[in-house]
Amino acid sequence: MVDTELDPGLNLGDDKTLLLVDDDEAFVRRLAKAMEKRGFDVDVATSVQAGRISARQRPPAYAVCDLRLEDGNGLDVVEVIHEVRPDSRVVVLTGYGAIATAVAAVKIGAIDYLSKPADATDIINALMATGDDLPPPPENPMSADRVRWEHIQRVYELCDRNVSETARRLNMHRRTLQRILAKRSPK
């Protein structure tokens, strides 16, 4: 879900370069459009390798990196960004968050860590937060049922859509998992 409402009061400063790194092409396209409407000069990368190259060729003032990409970990891109431009403001974005990865992201230079689905307003609030100010909580955070469902879907995909293996790893009965997978995603 990406919010495309314009924010005319947004002060980006002189350098408006933004690197978006996400392998969900539909999401990253929508987010890029929303960020361009807010005044950012957007570059898009859909892999760790492309993100590293883009960060080295044109170090961004701002970046949003997905944590899990098909060819690796988005934190590798965050490291490169922080290496080539230490003042860059980077937000790590993921659908499968954990405290350990949030801590790792902040240690290597990210300023915040958001769970998907995050809209453009949530991302802007995180990118523009200054000092010890925390961005306001999201208007429509994921429900606990949705977070659980997203986690189950992720493990299911990592197990190559093998129900028995997924159930074993989640320590749940196979039939219970099948019922959960057969339902629509919660809101």
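Our structure is the block above this text.
What this report covers is the structure whose coordinates are included nearby. Keep in mind it's a predicted model, so treat the numbers as computed, not measured. (Residues numbered from 1 in each chain as written. Predicted model: local features only at pLDDT ≥ 70, side-chain atom pairs only at ≥ 80, totals over all residues. Heavy atoms only, no water.)

Describing two packed helices takes the angle between their axes plus the distance from one axis to the other. Where helix 6 (residues 144-158) meets helix 7 (residues 163-170), the closest approach of the two axes is 9 Å, and the angle between their N-to-C directions is 125°. In terms of their interaxial angle, helix 6 and helix 7 are classed as oblique. Both helix 6 and helix 7 take part in a crossing whose hand is right-handed. Seen from helix 6, the contacting residues are His-151, Ile-152, Val-155 and Tyr-156; seen from helix 7, they are Val-163, Thr-166, Arg-169 and Leu-170. Class assignment for the residues of the contact of helix 6 with helix 7 results in five nonpolar, two polar and one charged. (Axes fitted to C-alpha atoms, helices over the stretch in contact; angles between N-to-C directions. Helix = DSSP H or I, 4+ residues; strand = E, 2+ residues; numbered from the N terminus. Parallel < 35°, antiparallel > 145°, perpendicular 65-115°, else oblique. Left-handed = near helix turned anticlockwise from the far one by under 90°. Contact = heavy atoms within 4.5 Å. Nonpolar A, V, L, I, M, F, W, Y, C, P; charged D, E, K, R; others polar.)

Before going further, it helps to examine the environment of Lys-116. Following the sequence through the fold, Lys-116 ends up in the loop between strand 7 (110-115) and helix 5 (120-128). Sequence-wise, Lys-116 and Met-142 are 26 residues apart; in three dimensions their C-alpha atoms are separated by 8.3 Å.

A few words on a negative patch on the surface. Taken together, the side chains of Asp-24, Glu-25, Glu-70 and Asp-71 define an acidic patch exposed on the protein surface. Inspection of the secondary structure assignment puts Asp-71 in the loop between strand 4 (68-69) and strand 5 (72-73). (Patch = residues over 30% accessible without salt bridge, like charges linked within 9 Å, V, L, I, M, F, W, Y side chains within 5 Å. Areas by Shrake-Rupley, 256 points an atom, 1.4 Å probe, with all protein chains shown as cover. Salt bridge = Lys/Arg side-chain N within 4 Å of Asp/Glu carboxyl O. Lys, Arg positive; Asp, Glu negative; His and termini not counted. Charge placed at Lys NZ, Arg CZ, Asp CG, Glu CD.)

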